[in-house]
Amino acid sequence: MKNILFIGGTGYIGGPILSRFIERNDPDVSITALVRSPEKAKKLESLDVRVNVVMGTHNDAPLVERLVTDADVVFSMADCDDLQAVESILRGHKKRFMATGVKPVLIHMSGTGCLGDDAQGMFASDTVYSDLDIPAIEALPATQSHRHVDLPIVAADAEGYVDSYIVIPGVVYGTPRGILADAGIQNAINFAWAGLIRIAFKRGAAGIVGEGRNLLAHVDVTEVADLVALLYDAVQVGRAAHGREGYYFADNGAIEFARIVEVIEARAGARRVLTQAELDEYFPGAVSFHRFLGDNGRSDSARGRALGWAPVKGTQDLLTALRSEVDSWQV
């Protein structure tokens, strides 16, 4: 019996991934899901599925460490910037390896914020990072977004007690699909889009950073789940690179941020540059959010495509999905 632990499995990105594994109904797999919402936990327990639901949060270090110690595979999808949570996960992995002599597997969800270039919305970059170009990834400063978490994960792999795989999606959009979405258990909207729309209606103007010329890699949320499922299967048969080479970008194109703003301003009001004071007011962690909106972050998911990943949704699908969210927003 293979024990799999999902942390963040009811989130916007994690939901479709956990749904895939529930829907497989593999009798040789035991699934545990750490769920912080009592309402979601109750709904998940009421489904006729084989999932062990544990109430708690990824910030409960002793709980996370204990659950990870019992797991062969961990999906870390709760917060790509929470170093404390990842340190708890790694401690659990080390304990399991010391007890069993078998390396567990960590599949961690990061983001292309690590590729940021401080463009502040003023220019588009020609730089495209390939997940096959490891020297270019390793040259990224440790101060970049998410790197303070990604680097310890890779270091743990190098130390030899875990096989690590880091999935790095661009900006994620679309409607999640799967059993958790159908049951109303998972988050249905990306917090970034919701934040942009909310602030636009509140201030009566769509928010933009600089001139919005920067280019953002993007990917449909269900197609992220496609990649992760393929990656997991490849891991099981020893076909997936890990550790230093275990980066897997997820994207299917790039979009100028100004085109996103165009969709929002059509209903919320003509664009106006977001000030740092407004970001401080409306968003926690406003500095990183400002970078997220204004940086270039272009990627090439060559490693995932070599595994057979074939995303079909592109820029027009992103704009259609965003337009639907803007049109349905309750003012």
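Refer to the structure presented above.
Keep in mind that this is a model prediction, so the values were computed, not measured.

Asker: It is not clear to me how the packing of aromatic side chains should be interpreted in this structure. Could you clarify?
Answerer: Here a ring pair, both rings aromatic, is described through the centre-centre distance and the interplanar angle of the planes. Applying the stated criterion to the full structure yields 6 aromatic pairs. Here phenylalanine 75 and tyrosine 232 contribute two aromatic rings whose centre-to-centre distance is 6.2 Å and whose plane-to-plane angle is 35 degrees, an arrangement assigned as tilted. With a gap of 157 residues between them, phenylalanine 75 in strand E4 (residues 73-76) and tyrosine 232 in helix H9 (residues 221-236) connect regions that are remote in the sequence. Accessibility assignment for this pair places phenylalanine 75 and tyrosine 232 in one class, buried. Taken together through their ring pairs, the aromatic side chains of Phe6, Phe21, Phe75 and Tyr232 make up a single cluster.

Asker: Help me understand the side chain of aspartate 251, please; the structure alone is not making it clear to me.
Answerer: Along the chain, the position of aspartate 251 falls in the loop between strand E11 (247-250) and strand E12 (254-256). Within the buried set, aspartate 251 has no salt-bridge partner at all; the shortest N-O distance to an opposite charge, 5.0 Å, is to arginine 305. Of note is the side chain of aspartate 251, whose polar atom sits 3.1 Å from the side chain of serine 299. From its side chain, aspartate 251 meets the backbone nitrogen of serine 301 in a polar contact 3.2 Å long.

Asker: Just checking my understanding: could you explain the sheet that holds E12 for this structure?
Answerer: Backbone-to-backbone hydrogen bonds join strands into a sheet, with any given pair of strands oriented parallel or antiparallel. Pairing in this open sheet of 3 strands is mixed, and the strands run E8-E10-E12 from one edge to the other. Of all strands in the sheet, those bounded by a partner on one side alone are strand E8 (171-173) and E12. When the angles between neighbouring strand axes are averaged without regard to direction, this sheet yields 45 degrees. Across 3 bridges, the pairing between strand E10 (residues 215-220) and E12 is antiparallel. Bridge pairing in E12 places leucine 216 opposite isoleucine 255. Here helix H10 (residues 257-268) sits on the sheet in contact with E10 and E12, set at roughly 65 degrees to E12.

Asker: I keep staring at the sheet that holds strand E7 (residues 163-169) and nothing clicks. Help me out?
Answerer: Taken in spatial order, the 7 strands make up an open sheet running E3-E2-E1-E4-E5-E7-E11, and their pairing is parallel. The strands lining the two open edges of the sheet, one partner per strand, are strand E3 (51-55) and E11. Geometrically, the sheet is characterised by an average inter-axis angle of 15 degrees between neighbouring strands, direction not taken into account. Of the strands in this sheet, strand E1 (2-7), strand E2 (29-35), E4, strand E5 (105-109), E7 and E11 are in contact with H9, which crosses E7 at around 165 degrees.

Each value, and the rule that gives it
- Residues numbered from 1 in each chain as written.
- Predicted model: local features only at pLDDT ≥ 70, side-chain atom pairs only at ≥ 80, totals over all residues.
- Heavy atoms only, no water.
- Phe/Tyr/Trp six-rings, centres within 6.5 Å; stacked < 30°, edge-to-face > 60°.
- Helix = DSSP H or I, 4+ residues; strand = E, 2+ residues; numbered from the N terminus.
- Buried < 20%, exposed > 50% of the residue type's maximum accessible area, 1.4 Å probe, protein only.
- Lys, Arg positive; Asp, Glu negative; His and termini not counted.
- Salt bridge = Lys/Arg side-chain N within 4 Å of Asp/Glu carboxyl O.
- Polar contact = N/O pair within 3.5 Å; in protein donor to acceptor, adjacent residues only side chain to side chain.
- Pairing = 2+ DSSP bridges.
- Axes fitted to C-alpha atoms, helices over the stretch in contact; angles between N-to-C directions.
- Contact = heavy atoms within 4.5 Å.

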